[in-house]
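# Architecture at a glance
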Amino acid sequence: MISLTQTSFLNGACISRAHARRLSDSRTRRPSSVKMAAVNSSSSSDHHRAGQDKKSAFMADSAAMRENAAAAAAAASSSTPVVVEEKESTMAGGARDVYGEDAATEDQFVTPWTLSVASGYTLLRDPNHNKGLAFTEKERDAHYLRGLLPPTVVSQELQVKKMMHSFRKYQVPLQRYMALMELQEGNSKLFYKLLIDNVEELLPVVYTPTVGEACQKYGSIFRRPQGLFISLREKGKILEVLRNWPEKNIQVIVVTDGERILGLGDLGCQGMGIPVGKLSLYTALGGVRPSACLPVTIDVGTNNDELLKDEFYIGLRQRRATGQEYSELLHEFMTAVKQIYGEKVLVQFEDFANHNAFDLLAKYSPTHLVFNDDIQGTASVVLAGLISALKLVGGSLADHKFLFLGAGEAGTGIAELIALEISKQTKTPVEEARKNIWLVDSKGLIVSSRKESLQHFKKPWAHEHEPVRNLIDAVKAIKPTVLIGSSGAGRTFTKEVVETMASLNKRPVILALSNPTSQSECTAEQAYTWSQGRAIFASGSPFPAVEFEGKTFTPGQANNAYIFPGFGLGLIMSGAIRVHDDMLLAASEALASQVTEENYKKGLIYPPFTNIRKISARIAAAVAAKAYELGMATRLPQPQDLVKYAESCMYSPSYRNYR
Ligand SMILES: O=C([O-])CC(=O)C(=O)O
Ligand SMILES: [Mg+2]
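Taking an unreviewed UniProt entry as the reference, the chain is identified by name as Malic enzyme belonging to Kalanchoe fedtschenkoi. Its UniProt record gives the chain the following Sequence similarities (unreviewed entry) comment, quoted word for word: "Belongs to the malic enzymes family."

See below:
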């Protein structure tokens, strides 16, 4: 059988280069309805970095950034025409896949490809094409599969049913995680179908909280590498390392350095579980095709002594590199990424420690398409929850008083986005809007008398007030209507804290955002019981429904998983080249608008995850619309119906027919 396959997947004799080129050309022939746009990938705007203010850097902005990015976008849409989108429906009769798939594959137009003669045996071991028992009789004949499979032929639906049946037999969450990872490595389409069809049940396994435990034990459960590992040893060679990755058409990279994995601290190289998990959600929840997703872990060592002593640890056995050594490696990575994948690749920073997260975002926002999920994604999802909570508590955002426990990435990120939204709604300066927002860190309430010793990202929150040393005293002094936990420290919303919130408010809004479950500031049960069922509660990690005095309370999950998949899709489908604060606000509003009356009746401030693909399409459309409005989109012309367009761009995990 002749197959087009990637260089790293050679199995059998290669055919001649000329023949390969002919086949490859016909494979990548453009269907007539493919849309064109003018894109000059070389247009860089590094020089636009100048003038970035560190204070506003978490959401690098605004007027200057917008102008710069719009100029870059204009420059980017001026020369060499390239294919910018392929829709499945436009592909019929167009280019054919490796195995003669009769619908377009998600990896269409990926280059470079090498032709090889693959055996059926190889096909069964290729996760992107394997269908297991679902190979039809004809396919078994055509692709050298006879005898390699038992006689039965089953549908993908039956495979899903069977997988769920055996999955449910595992009682231990980590075993469930391993079973799903094995499936992802063996049959990618089945994995995504399973995840999409059973999202509520499987999310806590491939993602928070189980992924946290998986990272802690990554070394001992390690079977096959996932993602790309870039360590200090690869310094000077990062471009080569990126070229080793088999997929070439990368659209989203999730990168971590493992220093602050969820609320679990420094897990070094074992943080890889996080980019892998986040990108699974990019595909399952946001419809970004798996081959366009690249998980990366930058290994600069770890300060986790237990891991350094652990014989199964998979990373560099040294303490973390810092300062120039660290920033040089990161800079080489960011430069290489843009060089190899172009201006429109989205780099999502994930679970970096505060001291690097803010600086990296500030440094690269003006020149790259970057997004920090912990600062911006979490901010956007929480703002959405607050917008919808207003339906239950009344008033506008400006009427409320917010108190945070935790003044790191999530805390200050959320605080700033709330302030931006208030400022937009009330047409007051953002400094004014910040006045109703208070933050507590490990040293107590952030007040102006502490200003000198504060890290730069905390300074905007240092208001005039006498010193307050702990959370409970801050609750009593500030009298917030909304309490938000983002400190990574578990069980810090004590009975007294929740009871005080309930004594101050008819319906206290309490968000316990820290992950995983062990780090949650309080449980759903505690929030509902201690507030006599009056709390409007949501948490970063999932909690089951709670019965209290004969009533059932279903907590919402205020997790950035609602935002980043749709947000990323919106950036990709519009060809956005920068992230702008207004896109985050647009995403929040789009998510809040998806909460139904029925959800509100149950006290929910987020819609259920069951409909997440529809929700993601709406978020994507809102983000793309904003990109077009701001002049930051390069995919032209703008599609008329962005929601429909987002839906049409989404990856489908259904098997293709191989002719
Ligand atoms: O991964 C999650 O569940 C949310 C998140 O970004 C974090 O806690 O760092
Ligand atoms: Mg995170």
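### Some remarks on the pattern of salt bridges
As enumerated under the stated definition, the model contains 30 salt bridges in all. Among the ionic pairs, Glu-328 bridges to Lys-235, the shortest N-O distance being 3.0 Å. Note that Glu-328 is positioned in helix α15 (residues 323-341) and Lys-235 in the loop between β5 (228-231) and α12 (238-244), a separation of 93 residues in sequence. The exposure class of Lys-235 is partly exposed, given its relative accessible area of 35%. Lys-338 is the salt-bridge partner of Glu-343, the closest N and O atoms lying 4.0 Å from each other. The buried category is assigned to Glu-343, whose relative accessible area is 6%. The network of salt bridges with shared partners includes Asp-257, Glu-259, Asp-266 and Arg-320.

### With respect to helix α17 (residues 373-393)
The periodicity of an α-helix, 3.6 residues per turn, causes residues three or four places apart in sequence to face the same way. The end-to-end C-alpha distance of α17 is 28 Å, a good match for the 30 Å that 21 residues give at a rise of 1.5 Å each. With 17 of its 21 residues buried, α17 lies for the most part within the structure. Between the side-chain oxygen at the start of α17 and the backbone nitrogen of Asp-374 there is a gap of 2.8 Å, and the oxygen is on Asn-372. One or two positions beyond α17, positive phi appears at Gly-394, with a value near 85°.

Scoring rules and cut-offs
- Residues numbered from 1 in each chain as written.
- Chains lettered and ligands numbered in written order.
- Predicted model: local features only at pLDDT ≥ 70, side-chain atom pairs only at ≥ 80, totals over all residues.
- Heavy atoms only, no water.
- UniProt positions renumbered as here; feature names shortened; annotations may be inferred.
- Salt bridge = Lys/Arg side-chain N within 4 Å of Asp/Glu carboxyl O.
- Helix = DSSP H or I, 4+ residues; strand = E, 2+ residues; numbered from the N terminus.
- Buried < 20%, exposed > 50% of the residue type's maximum accessible area, 1.4 Å probe, protein only.
- Expected span 1.5 Å × (residues − 1).
- Polar contact = N/O pair within 3.5 Å; in protein donor to acceptor, adjacent residues only side chain to side chain.

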